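Below, each chain spelled out in residue letters.
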Amino acid sequence: MLSQWWRDAVVYQVYPRSFADGSGDGTGDFAGALARLPYLADLGVEAVWFSPFYPSPLADGGYDVADYCDVDPRFGTLADFDAFVAAAAGHGIRVIVDIVPNHCSSAHPAFQAALEAGPGSPERDLFIFRDQPNNWQSIFGGPAWTQVADGQWYLHLFDSSQPDWNWRNPAVPAMFEKVIRFWLDRGVAGLRVDVAHGLFKDPDLPDVPDPAPSDRPSPWFHRPELIGHYASWRAILDSYSPDVFPGERTAVGEFWGTEITHLEPYFRPGGMPQAFNFFLFQTAWDAAALRHTITTSIGLAAESDVVAPWVISNHDVVRPVTRYGGGPLAARDLDVDVALGTRRARAAALLLLALPGSAYVYQGEELGLPEVIDIPDAFRDDPVFHRTGGARLGRDGCRVPIPWSGASKPYGFTEAESTWLPQPTTWGPLTVEAQQADPGSTLNLYKRAIAARPRGGGFAWLDRGDDVIAFTRGDGFTCVVNLSAETLPVEGEVILASGPLEGGLPQDTAVWLRS
Ligand code: NOJ
């Protein structure tokens, strides 16, 4: 029996541009990540997922891939990647790479060849070219079609620099099979699959009503062909013996839906081993709503062998401290209560790490970093900001380089004077160095929680009142999160608490107990 380590692992997401810089150019890279590997080992994570590091114009932070089987020189070389994988294995840490199959970069040689070859050519058939566009809109804002010099239009669900592949052309799945084997052969333990609910489009490319359906099925997402497609990838993953790295190879799909039930088709045996559960961070800080999300998620996973890792943060969403301290980030001048947000984010961390199954932690989440909302427009990089003329701020605020040490910028991130996205001047107390020295820091909370979190064991709700989340995980382990205004009695031996226990468990505080 292989280990299926991913069933209850804590996985750390590295956004390479912003994790650690080893080359001194102000942008993160593999040399920097390698130097910080002891930090990840000390934190206790079992795997690292790298957001894309492939050759890319970085028009969408690397999710615009120009070559799927290499490393962008700004991040290092394939040898640097291999060195990281080997060194990580020495710490018992596995590596997951990001596969971007829905689209590539317009700089990809196949797209350049398609432009060159002209209408009706086999090269164009690798993408979705038409003589007329339909009325689909890009997820990043603006039309989903761009016209080329000879008059044809190509489809891009994201930025115009990210043409969608034509998954109905057999050459496309064949190419991606080679890509995933390339990385699996290099010893990676898993794949994170970008826009996993995309890929196949309705072949008729029908116009959609206005407003477009946000629901499933849409002509561009959640098409039935995906089920057979992921069964074929699962077969490849399962064909890899554990000799390269002990434990089964895995994949986790980025599936978005407005309701968790929209993901039901992916919760079938023999398909994608894992489907991200984004519903926890989409749920308001409200006990009934959170209970509903958790119950539905656990129910869905219980009926299948698919794991749905819990997430409260990633490189696409507003950081939890800011989200919980002021609600969704709708405007620049949002009045954020950072103290409240921090208290709730720490409680949410203990909730995240007590739930059954796997959890993903996004770099900086363990430091309690807030979203940076005042990045000057001139520095904003996200195509979401530019394609909406600034109407949507985009995701730069959660991608600001990590503060490692020191009292001022660049906080040990780089030898350069500045970082690719500017850091705030207020992050001195939030550096890794400062937090390592403070027993009560968010970093130490995460570290202790990762070490003490319940593994295996069942899950059962406890009734401690409408505004309280309470459950057991077997072996006398109890998690209580108090969302009510009343201070609750603490019954049992305290393993860990997200904040001071002042005569009981105060509002917006979580505690782990052993009875
Ligand atoms: C999802 C990724 O997480 C996001 O960062 C990216 O912009 C889109 N997919 C397009 O690749």
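In what follows, the structure referred to is the one given above.
We now turn to the structure provided with this report. (Residues numbered from 1 in each chain as written. Predicted model: local features only at pLDDT ≥ 70, side-chain atom pairs only at ≥ 80, totals over all residues. Heavy atoms only, no water.)

The next thing to look at is the overall build of the protein. In terms of helices and strands, the protein carries 13 helices and 16 strands. Relative to the globule expectation of 24 Å for 515 residues, the C-alpha radius of gyration of the protein, 23 Å, shows essentially globular dimensions. The C-alpha extent of the protein, read off along each of the three principal axes, is 75 × 55 × 50 Å. A buried classification covers 58% of the 515 residues belonging to the protein. Expressed as a percentage of contacts within the protein between residues at least 6 apart in sequence, the contacts between residues at least 24 apart total 66%. Element-wise, carbon and sulfur atoms account for 54% of the exposed surface of the protein, whose accessible area totals about 19,000 Å². (Helix = DSSP H or I, 4+ residues; strand = E, 2+ residues; numbered from the N terminus. Rg over C-alpha atoms; globule rule 2.2 N^0.38 Å. Buried < 20%, exposed > 50% of the residue type's maximum accessible area, 1.4 Å probe, protein only. Contact = heavy atoms within 4.5 Å. Areas by Shrake-Rupley, 256 points an atom, 1.4 Å probe, with all protein chains shown as cover.)

So, on to the site of the ligand. Inspection of the region around the ligand gives 13 residues, with Asp60, His103, Asp194, His315 and Asp316 positioned closest. At 2.9 Å, a side-chain N or O of His103 approaches an oxygen atom of the ligand. Relative to its unbound accessible area of 290 Å², the ligand is 97% covered by the protein chains. Residue classes in the shell around the ligand are distributed as four nonpolar, two polar and seven charged. (Near = heavy atom within 4 Å. Polar contact = N/O pair within 3.5 Å; in protein donor to acceptor, adjacent residues only side chain to side chain. Nonpolar A, V, L, I, M, F, W, Y, C, P; charged D, E, K, R; others polar.)

Summarising burial for strand β14 (residues 477-482): six of the six residues are buried, a large majority. With burial as the criterion, each face of β14 is covered, one bearing Phe477, Cys479 and Val481 and the other bearing Thr478, Val480 and Asn482. Of the strand pairs in this sheet, strand β13 (residues 468-472) and β14 are connected by five bridges, and their pairing is antiparallel. Looking across to β14, one finds that Ala470 is bridged to Val480. What sits between the antiparallel neighbours β13 and β14 is a turn of four residues, in which Gly474 has the positive phi angle 70°. In the sheet, β14 pairs with strand β16 (residues 509-514) via six bridges, with the strands oriented antiparallel. For Val481, the partnering residue across the bridge sits in β16 and is Ala510. (Pairing = 2+ DSSP bridges.)

Glancing now at the sheet that holds strand β8 (residues 250-253). Strand order across the open sheet formed by eight strands is β9-β8-β7-β3-β2-β1-β11-β10, with parallel pairing between neighbours. Each having just a single partner strand, β9 (274-275) and β10 (310-311) make up the two edges of the open sheet. Alignment of strand β1 (residues 10-14) against strand β2 (residues 47-50), held across four bridges, turns out to be parallel. Paired with Gln13 across the two strands is Trp49, which belongs to β2. The strands that helix α3 (residues 78-90) touches are β2 and β3 (94-99); relative to β3, the one it contacts most, it runs at about 140°. (Axes fitted to C-alpha atoms, helices over the stretch in contact; angles between N-to-C directions.)

A few words now on helix α8 (residues 287-302). Along an α-helix, a turn takes 3.6 residues, which lines up residues three or four apart on a common side. Compared with an ideal rise of 1.5 Å per residue, which puts 16 residues at 22 Å, α8 spans 22 Å between its outermost C-alpha atoms and is within 8% of the ideal. Listing the buried residues of α8 in full gives Ala287, Leu290, Thr293, Ile294, Ser297 and Leu300. Between the side-chain oxygen of the N-cap and the backbone nitrogen of Ala288 there are 3.2 Å, and the N-cap of α8 in question is Asp286. (Expected span 1.5 Å × (residues − 1).)

Evaluation of the coordinates by the stated rule reveals 21 salt bridges. Here Arg387 and Asp159 are joined by a salt bridge, their closest N and O atoms 3.5 Å apart. With Arg387 in helix α11 (residues 383-387) and Asp159 in the loop between β6 (153-155) and α5 (171-185), this residue pair connects regions lying 228 residues apart in the sequence. Note that Glu177 and Arg181 form a salt bridge whose closest N and O atoms lie 3.2 Å from each other. Of the two residues, Glu177 and Arg181 both sit in helix α5, four residues apart, roughly one turn of that helix. For Arg181, a relative accessible area of 29% corresponds to the partly exposed category. Residues participating in the shared-partner salt-bridge network are Asp60, Asp316, Asp382, Arg395 and Arg399. (Salt bridge = Lys/Arg side-chain N within 4 Å of Asp/Glu carboxyl O.)

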